[in-house]
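# Residue-level structural notes
So the chains spell out like this:
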Amino acid sequence: MQQREEKQLEAAVESLASRVAHVKNALHSFIYKLENEYERLTWPSVLDNFALLSGQLNTINKLLKNEKTPSFRNQVIIPLLLSPDRDDDLAKLTEQRVPVFSHEIVPDYLRTKPDPEVEEQEKQLSTEAARIGPEVAQKQIQTLNKLCSNLLEKLNNPRDDRDAESAAIRQNKPSFNPADTNALVGAVAFGKGLSKCRPPGPVAPGHPGQGPMMSGGPTLQQVTIGGGSGQQAGMGGPVAPQQQGQPGKMPSSIKTNIKSASGSMHPYNR
């Protein structure tokens, strides 16, 4: 009888270890995809990995709840040998996670209860829960249920709420100022509101269109081109008004300022 129970226990442990190994491999594969193939990873693939893990965990639960599986709660693990030295076989068996089986790590790996700090927090929560009366607890439950219901409604109808909010924003908050738009159109099309003053700068006498960039300098030459009042300069310079009412003088000619094509005009010859 005892040998039969031992064989059942060994078979159950081997089956459980193989199932856990499958879960471990699936987790490693999923983590690798998340870290290295996240650019090509699609949402259906993520759901498939979650479904695979969920199915494997359900298989383990069914195995543990099976009638033929012995109860592991009745089994006690007792350490027979503790040593502070490194154990290569143990490190290989645990994939380098537990290289030493010493007094320091045995309480953590063979613990069947939560940590003392966790137990103390659970006791405090239990004490606080016992202090709350039935009426107060019922009110808190109703408030929590109401919040959950509102959250579920928002999650179930996100598109309708979003469309309604966007429509309300468009109606209540215009995205432009009509006055600024009209002023900009008037300035571009008709020149409304634009300043008529000239930019500051010295203006040579007799050349009303000449600005500060054309005034003075050794690279400017004044060329006189003879012609009538209707003749224009070949370089498109300003035309001086024709002088009238002065006897003994010929009509004034057109004067044009032409930049000399000398080497001093090149920006790099300095």
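Residues numbered from 1 in each chain as written. Predicted model: local features only at pLDDT ≥ 70, side-chain atom pairs only at ≥ 80, totals over all residues. Heavy atoms only, no water.

## Section: the pattern of salt bridges
Overall, the coordinates contain six salt bridges when judged by the stated rule. For the salt bridge of K24 with E95, the shortest nitrogen-to-oxygen distance reads 2.3 Å. Taken as a pair, K24 in helix α1 (residues 2–36) and E95 in the loop between α3 (88–93) and α4 (106–109) lie far apart in primary sequence, 71 residues in all. Judged by relative accessible area, E95 falls into the partly exposed class, the value being 44%. Note that E37 and R40 form a salt bridge whose closest N and O atoms lie 3.8 Å from each other. Here the residues in one salt-bridge network are K24, E95 and R97, joined through shared partners. (Salt bridge = Lys/Arg side-chain N within 4 Å of Asp/Glu carboxyl O. Helix = DSSP H or I, 4+ residues; strand = E, 2+ residues; numbered from the N terminus. Buried < 20%, exposed > 50% of the residue type's maximum accessible area, 1.4 Å probe, protein only.)

## Notes on helix α8 (residues 178–190)
Between the first and last C-alpha of α8 there are 17 Å, a value that for 13 residues agrees with the 18 Å anticipated at 1.5 Å per step. Of the residues trailing α8, G191 is marked for its positive phi of about 75 degrees. (Expected span 1.5 Å × (residues − 1).)

## Observations concerning the packing of aromatic side chains
Applying the stated criterion across every chain yields a total of one aromatic pair. Aromatic side chains F30 and F50 sit 5.3 Å apart centroid to centroid with 70 degrees between the ring planes, which places their arrangement in the edge-to-face category. In this pair, F30 is assigned in helix α1 and F50 in helix α2 (residues 43–65), connecting sequence segments 20 residues apart. With a relative accessible area of 44%, F50 lands in the partly exposed category. (Phe/Tyr/Trp six-rings, centres within 6.5 Å; stacked < 30°, edge-to-face > 60°.)

## Quick notes on α2
An ideal rise of 1.5 Å per residue puts 33 Å on 23 residues; α2 measures up with 33 Å between its terminal C-alpha atoms. Buried within α2 are the following residues: V46, N49, L53, Q56, I60 and L63. Structurally, α2 contributes buried residues whose contacts are with α1. (Contact = heavy atoms within 4.5 Å.)

## Observations regarding the side chain of T94
Within the secondary structure, T94 sits in the loop between α3 and α4. Among the residues examined, T94 registers a relative accessible area of 15% and is labelled buried. In this structure the side chain of T94 is engaged in a polar contact, spanning 2.7 Å, whose partner is the backbone oxygen of L90. (Polar contact = N/O pair within 3.5 Å; in protein donor to acceptor, adjacent residues only side chain to side chain.)

## Some remarks on the environment of S71
Here S71 is to be found in the loop between α2 and α3. Using a relative accessible area of 38% as the deciding quantity, one classes S71 as partly exposed. In this structure the C-alpha to C-alpha distance between S71 and L9, which are 62 residues apart in sequence, comes to 8.8 Å.

## Some words on a negative patch on the surface
Among the surface-exposed residues, E5, E6, E10 and E14 lie close enough to one another that they form a single negatively charged patch. You can see E10 is positioned in helix α1. (Patch = residues over 30% accessible without salt bridge, like charges linked within 9 Å, V, L, I, M, F, W, Y side chains within 5 Å. Areas by Shrake-Rupley, 256 points an atom, 1.4 Å probe, with all protein chains shown as cover. Lys, Arg positive; Asp, Glu negative; His and termini not counted. Charge placed at Lys NZ, Arg CZ, Asp CG, Glu CD.)

## Remarks on the packing of α1 against α2
Between α1 and α2, the shortest axis-to-axis distance is 10 Å and the interhelical angle comes to 165 degrees. With respect to α2, the axis of α1 lies roughly antiparallel. When the axes of α1 and α2 are compared, the crossing they make is left-handed. Within the contact between the two elements, α1 uses S15, L16, R19, V20, H22, V23, A26, L27, F30 and K33 and α2 uses V46, N49, F50, L52, L53, Q56, L57, T59, I60, L63 and L64. (Axes fitted to C-alpha atoms, helices over the stretch in contact; angles between N-to-C directions. Parallel < 35°, antiparallel > 145°, perpendicular 65-115°, else oblique. Left-handed = near helix turned anticlockwise from the far one by under 90°.)

## What about a nonpolar patch on the surface?
Together, V76, I78, L80 and L81 make up a nonpolar patch on the protein surface, roughly 540 Å² of accessible area in all. In this fold, I78 is placed in the loop between α2 and α3.

## So, the confidence of the model for the protein chain
Mean pLDDT over the protein chain: 75, with 68% of residues reaching 70 or higher. Here strand β1 (residues 220–225) stands out as the least confident element of the protein chain, with mean pLDDT 43; α2 is the most confident, with 91. (pLDDT = per-residue confidence, 0-100.)

## So, the side chain of N49
Here N49 lies in helix α2. Residue N49 is classed as buried on the basis of its relative accessible area of 9%. With residues up to four places along the chain from it excluded, the contact list for N49 reads F30 and K33.

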